[in-house]
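# Analysis of the macromolecular model
Spelled out, the chains give:
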Amino acid sequence: MEKIIILDFGSQTTQLIGRRLRELKEYCEIIPYNKFPEQTGDIKGVILSGSPYSVYDPTAFKADINQIRGKYPVLGICYGAQFMAYTAGGNVEAAGSREYGRANLSYIDNNDPLFKDINSGSQIWMSHGDSITKIPANFKKIASSDDLELAAFHIEGEKTWGVQFHPEVFHTLDGMLLLENFLNICGCKRDWSPASFIETTVAQLKSQLGNDKVVLGLSGGVDSSVAAVLLNKAIGKNLTCIFVDHGLLRKNEFETVMKDYEHLGLNVIGVNAKDYFYDMLKGESDPEKKRKIIGSGFIDIFDQEAHKIKDVKWLAQGTIYPDIIESLSITGTVIKSHHNVGGLPEKMNLKLCEPLRLLFKDEVRRVGNELGMMHHLIKRQPFPGPGLAVRILGDITPEKVQILQEADDIFINGLRDWNLYDKVWQAGAILLPVQSVGVMGDERTYENAIALRAVTSTDAMTADWAQLPYEFLAKVSNDIINKVKGVNRVVYDISSKPPATIEWE
């Protein structure tokens, strides 16, 4: 399959580049800046991402781009552009002040194919602390902004370009057109689609797995469910799914999901492990440790169940791209651990299969729809692998779980009743580790506070708080306080991501 390679130098928006190319129906892969593939036959072009570093910083990410320049069409974005100019003998210097936010192109070379059908005055988005102040002799300026003389360049004699703005972000209004122009320069067919992904992935799974037996950890969510259906399509009866009830699912979720899986024709083993996880989590309040305890517990359960099945060689998981990115960025900064990202102990002696690891959530849903899965499974909102453990701030007890399950059930069913569920990317209730004073009847109470969280997003990399109707929030708050014993206060979270995360822990 033809592809664009995106070399990741650590930018927070690298994943957006990939998303935009997928939206343009071009398959792409994001790989570390220093890991250019040895097999290059199907590569149509290369994009160099931005970076949090300056090109002249001794610790900056550096790569030998001589192996790609002149061989493939290349587009450098922000740091990628500066890196090409700097390593070719140009000057890159710290800007007087960080250039961040909206700007407009005051000059465009309309004869350049990268800017085909883009006009002067087009809005762009800047995010850099450095600027290219001088380009080498064979570099040609093709765009400027009011504050940036060298907003874009073309290397003459090569299909190589650089832009000092971010075409991948929403606020660069002609960014998609610029990326489309680059794909046209690359001669891309742009035939990537959910149907083509399914066809290619099923063929790859058949080749990868052969007649081996596979065990898959189901969570009830769209990611693991789509992964299961794909694997079932590829290897059929050689797939065994395990759905573990760790006692931290939503109210009645275990029973509901098991019924759903019957309709998919999957071979599913349900495991009740509530007491096991409650014992392991007893007294633990640290969010990272809770995630790791649950991740370790899942592995233990899988290990036990896998040994009941003869000759299992693979563990499959519904890992998607945001899981990988948030678990460990290229800069080495861990944002949060995900229970389904690697880390399998050697004692399991199982190889890892992750058929969705390069997809974003909305792409997974489109694949599920193409597979003919039920609407409510495809549209199910994301739910963290550690479940309510990361929505109970502080230590975990069965009593706290029950309080949160009841409050969450009222909130989620309320969203459905008010036809708001499909308009929200992710929603849930959080049990706070604080008590507050209240009055119920003629008595003073000192009970728990619940925070409600609902966000809108397309890929979970960024999110904004959902502006739900006041009448709805009032109804939900009233129902929770009146119906859930132990709660006397409800608040609503109006934080965006970034700087906050979607989950509180």
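This text gives an overview of the structure that appears in the document.

Parameters and conventions
For every chain, the first residue of its written sequence is number 1, and the numbers climb from 1 along that sequence. Totals for whole chains, interfaces and linings use every residue, but because this is a predicted model, local features are given only for residues with pLDDT of at least 70 and side-chain atom pairs only at 80 or more, for both listing and counting. Values reported for side chains reflect all heavy atoms of the structure, with hydrogen atoms and water molecules removed beforehand. By the criteria applied, helices consist of DSSP H or I runs no shorter than four residues and strands consist of E runs no shorter than two, each listed in order from the N terminus. Under the scheme applied here, a residue whose accessible area is under 20% of the maximum for its type counts as buried, over 50% as exposed, and between as partly exposed, the area being computed with a 1.4 Å probe on protein chains only. In short, Shrake-Rupley with a 1.4 Å probe defines the accessible areas, and a residue's cover is counted only from the protein chains shown. Here a pair means two rings of Phe, Tyr or Trp (six-membered ring of Trp) with centres within 6.5 Å. Their orientation is stacked below 30 degrees between planes, edge-to-face above 60, and tilted elsewhere. Each helix should span, by expectation, one fewer than its residue count multiplied by 1.5 Å. The directions considered for the arc are those from the helix axis to the C-beta atoms. Residue contacts are defined here by distance: any two heavy atoms, one from each residue, within 4.5 Å place the two residues in contact. In the sections that follow, a salt bridge refers to a side-chain nitrogen of Lys or Arg positioned within 4 Å of a carboxyl oxygen of Asp or Glu. An axis is simply a line fitted to the C-alpha atoms; with a helix, the fit covers only the stretch in contact. Between two such axes, the angle follows the N-to-C directions and lies from 0 to 180 degrees. Angle categories: roughly parallel below 35 degrees, roughly antiparallel above 145, roughly perpendicular from 65 to 115, and oblique for all the rest. By definition, turning the near helix anticlockwise from the far helix through less than a right angle yields a left-handed crossing, and turning it clockwise yields a right-handed one. The term disulfide is used for any two cysteine sulfur atoms that are within 2.5 Å. Being paired, for any two strands, means DSSP has found at least two bridges between them. To define a nonpolar core, start from buried Ala, Val, Leu, Ile, Met, Phe, Trp, Tyr and Cys residues and group those joined through side-chain atoms within 4.5 Å. All residues other than Ala, Val, Leu, Ile, Met, Phe, Trp, Tyr, Cys, Pro, Asp, Glu, Lys and Arg, Gly among them, are scored as polar; the first ten of these are nonpolar and the last four charged.

## Quick word on the overall build of the protein
Looking only at helices and strands, the protein features 13 helices and 18 strands. Seen along its three principal axes, the alpha-carbon backbone of the protein occupies a region of about 80 × 60 × 40 Å. Relative to its 505 residues, the protein shows a buried fraction of 58%. Here the protein has roughly 22,300 Å² of accessible surface; of this, 48% comes from carbon and sulfur atoms.

## Focus: the packing of aromatic side chains
As enumerated under the stated definition, the model contains 16 aromatic pairs in all. A ring pair is formed by F243 and Y261, whose centres lie 6.2 Å apart and whose planes are at 90 degrees; its orientation type is edge-to-face. On the criterion of sequence distance, the pair formed by F243 in strand 11 (residues 239–245) and Y261 in helix 6 (residues 253–263) is long-range, its members being 18 residues apart. Here F243 and Y261 have matching classes, each one buried. Plain terms: the ring middles of F277 and F298 are 5.7 Å apart, the flat faces sit at 55 degrees to each other, and that makes the pair tilted. With a gap of 21 residues between them, F277 in helix 7 (residues 274–281) and F298 in helix 8 (residues 287–306) connect regions that are remote in the sequence. For the pair formed by F277 and F298, the shared burial category is buried.

## What to know about helix 13 (residues 470–483)
Over its 14 residues, helix 13 runs 20 Å from end to end, which matches the ideal 20 Å to within 8%, given 1.5 Å per residue. Of all the positions in helix 13, only F472, L473, V476, S477, D479 and I480 are classed as buried. Down the axis of helix 13, the sector holding all buried residues measures 165 degrees, keeping them to one side. Turned more than 90 degrees off the buried face of helix 13, the exposed positions are Y470, E471 and N482. On its buried face, helix 13 is in contact with helix 12 (398–417), strand 16 (443–456) and strand 18 (487–492).

## Some words on the pattern of salt bridges
In this structure the tally under the stated criterion is 25 salt bridges. When the shortest N-O distance is used, the salt bridge between K361 and D223 registers 2.6 Å. Residue K361 is found in helix 10 (residues 361–370), and its partner D223 is found in helix 5 (residues 222–235); the two are separated by 138 residues along the sequence. Across the pair, exposure class does not vary: K361 and D223 are buried alike. Residue R250 pairs with D408 through a salt bridge whose shortest N-O separation is 2.7 Å. With R250 in the loop between strand 11 and helix 6 and D408 in helix 12, this pair connects stretches of sequence that are 158 residues apart. Of the two residues, R250 and D408, neither departs from the other in class, the shared state being buried. A single salt-bridge network, built from bridges that share partners, covers R19, R20, E23, D362 and R366.

## Side note on the environment of V226
You can see V226 is positioned in helix 5. You can call V226 buried: its relative accessible area is 0%. With 145 residues separating them along the chain, V226 and L371 place their C-alpha atoms 8.2 Å apart.

## Details of the packing of helix 4 (residues 194–209) against helix 5
Packing of helix 4 against helix 5 leaves a shortest axis separation of 9 Å and a crossing angle of 60 degrees. One finds that helix 4 runs oblique with respect to helix 5. Here helix 4 and helix 5 pass one another in a crossing that is right-handed. Contact residues: helix 4 offers F197, I198, T201, V202, L205, K206 and L209, while helix 5 offers L230, L231, K233, A234 and I235.

## Here we look at the side chain of S122
Following the sequence through the fold, S122 ends up in the loop between strand 5 (91–108) and strand 6 (123–134). Non-local contacts of S122, meaning those with residues more than four positions away in its chain, are made with A103, N104, L105 and D174.

## Some points on the environment of S457
Within the secondary structure layout, S457 lies in the loop between strand 16 and strand 17 (464–465). With 95 residues separating them along the chain, S457 and D362 place their C-alpha atoms 9.7 Å apart. For S457, the residues in contact, after removing those within four places along its chain, are W425, T462 and A463.

## Brief notes about the state of the cysteines
Within the structure shown, the criterion is met by 0 disulfides. Note on C78: no disulfide assigned, nearest cysteine sulfur contributed by C28 at a separation of 19 Å. For C78, a relative accessible area of 5% translates into the label buried. In this structure C186 is not part of a disulfide, and its nearest cysteine sulfur, from C188, lies 4.8 Å away.

## So, the sheet that holds strand 12 (residues 268–272)
Hydrogen bonding along the main chain pairs the strands of a sheet, whether they run parallel or antiparallel. Spatially, the 5 strands line up as an open sheet ordered 12-11-10-13-14, and their pairing is parallel. Because the sheet does not close on itself, it has two edges, and the strands there are strand 12 and strand 14 (351–353). Strand after strand, the sheet turns through a mean of 30 degrees between neighbouring axes, direction not considered. In the sheet, strand 11 pairs with strand 12 via 5 bridges, with the strands oriented parallel. Across the sheet, residue C241 finds its bridge partner in strand 12, namely V268.

## Regarding helix 1 (residues 14–23)
One turn of the α-helix equals 3.6 residues, which is why residues spaced by three or four share an orientation. The buried fraction of helix 1 is high, at 9 of 10 residues. Turning to helix 1, its buried residues number three or more, namely T14, Q15, L16, I17, G18, R19, R20, L21 and R22. Looking one or two residues past helix 1, K25 carries a phi angle of roughly 65 degrees, positive in sign.

## Here's the deal with the nonpolar core
In this structure, V244, L248, F411, L415, I450, L468 and I480 are the most contacted members of the largest nonpolar core, which totals 50 residues. Contact partners of F411, with chain neighbours within four places excluded, come to A427, G428, A429, L452, R453, A454, L468, F472 and V476. Membership of the second largest hydrophobic core comes to 40 residues, among which are Y27, L205, L359 and V367.

## Things to note about the packing of helix 5 against helix 10
Close contact between helix 5 and helix 10 brings their axes to 10 Å; oriented N to C, the two are set at 40 degrees. Relative to helix 10, the element helix 5 is oriented oblique. The handedness of the crossing between helix 5 and helix 10 is left-handed. For the pair formed by helix 5 and helix 10, the contact residues are V222, D223 and V226 on the first element and K361, V364, R365, V367 and G368 on the second. Among the residues forming the contact of helix 5 with helix 10, the class breakdown is 4 nonpolar, 1 polar and 3 charged.

On their own, these measurements won't tell you what the molecule is for.
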